[in-house]
Amino acid sequence: KAGKKEVIMQMKMDRLLSEPTMLTERIDQPVAINHTCLTSAMNEFAGRTAIVTGSTSGIGLGIARSFAQVGMNVVLNGLGNPDEIEATRRDIESMFDVKAVFAPADMSKADDITRMIADADRAFGRIDILANNAQSTRNALIEDITDEIINLTLGSGLLGTIAALAAATGDD
């Protein structure tokens, strides 16, 4: 369960990821960190666990790879082709010598989110960072926006974030 120490760890990781010495070539690749910064980060974060929602592609995958780059085990979550997700999971494990698991939770469903958090805790025995990145939406003109689109957007973004934080901290 996340507590004060884990929130501080998140703040340190946020600062680490915002250092001007870091460059990102592609958004879905790990950040390039100078050696001193990387060594410090690896000492601080090695063996810890990060859950990154919406991490099967794009920014979320880049976040997950960056956590893995500093030695953190990662829980991937998102949508996509199961074979491609498995290949990505294996690549992270072999590239960074960490453990990676996939938790296929629908971030708009509280039961799925609770199961994802429990599976991560069971797999790694701890959850140090929860990066809420998932967001589902549909592009539409204002006159074409339906209740379904509104519920999808709010469910995966706002409600999914709240449910994941509650499940990870043990707050119901």
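Residues numbered from 1 in each chain as written. Predicted model: local features only at pLDDT ≥ 70, side-chain atom pairs only at ≥ 80, totals over all residues. Heavy atoms only, no water.

On to the overall build of the protein chain, then. Counting secondary structure elements, the protein chain contains six helices and four strands. Along the protein chain, helices and strands appear, N-terminal first, in the series α-α-β-α-β-α-β-α-β-α. Looking at the protein chain as a whole, 41% of its 172 residues qualify as buried. For the protein chain, the proportion of contacts with a sequence separation of at least 24, taken over those separated by at least 6, is 66%. Summing over all exposed atoms, the protein chain offers an accessible surface of approximately 9700 Å²; the carbon and sulfur share of this is 54%. (Helix = DSSP H or I, 4+ residues; strand = E, 2+ residues; numbered from the N terminus. Buried < 20%, exposed > 50% of the residue type's maximum accessible area, 1.4 Å probe, protein only. Contact = heavy atoms within 4.5 Å. Areas by Shrake-Rupley, 256 points an atom, 1.4 Å probe, with all protein chains shown as cover.)

Through backbone hydrogen bonds, the strands of a sheet pair up, either in parallel or in antiparallel fashion. Ordered in space as β3-β2-β1-β4, the four strands form an open sheet in which the pairing is parallel. Each having just a single partner strand, β3 (100-102) and β4 (129-131) make up the two edges of the open sheet. For this sheet the average axis-to-axis angle between neighbouring strands, irrespective of direction, equals 15°. Bridging between strand β1 (residues 49-52) and strand β2 (residues 73-76) involves four bridges; their strand directions are parallel. Each residue of the ladder has a partner; that of A50, found in β2, is V74. (Pairing = 2+ DSSP bridges. Axes fitted to C-alpha atoms, helices over the stretch in contact; angles between N-to-C directions.)

Quick reminder: α-helices carry 3.6 residues per turn. Residues three or four places apart thus point the same way. Given a rise of 1.5 Å per residue, 15 residues ought to cover 21 Å, and the 21 Å separating the end C-alpha atoms of helix α4 (residues 82-96) matches this to within 8%. On its buried face, α4 is in contact with α3 (58-69), β2 and β3. D97 lies just past α4 and shows a positive phi near 55°. (Expected span 1.5 Å × (residues − 1).)

Moving on, we get to the packing of α3 against α4. Closest axis-to-axis distance for the α3/α4 pair is 9 Å, and the angle between their directions is 25°. By the criterion of interaxial angle, the relationship of α3 to α4 is roughly parallel. Crossing of α3 against α4: the hand is right-handed. Contacts between α3 and α4 involve L61, R65, A68 and Q69 from the first element and T88, I92 and F96 from the second. (Parallel < 35°, antiparallel > 145°, perpendicular 65-115°, else oblique. Left-handed = near helix turned anticlockwise from the far one by under 90°.)

The values reported here are purely geometric and, on their own, carry no functional implication.
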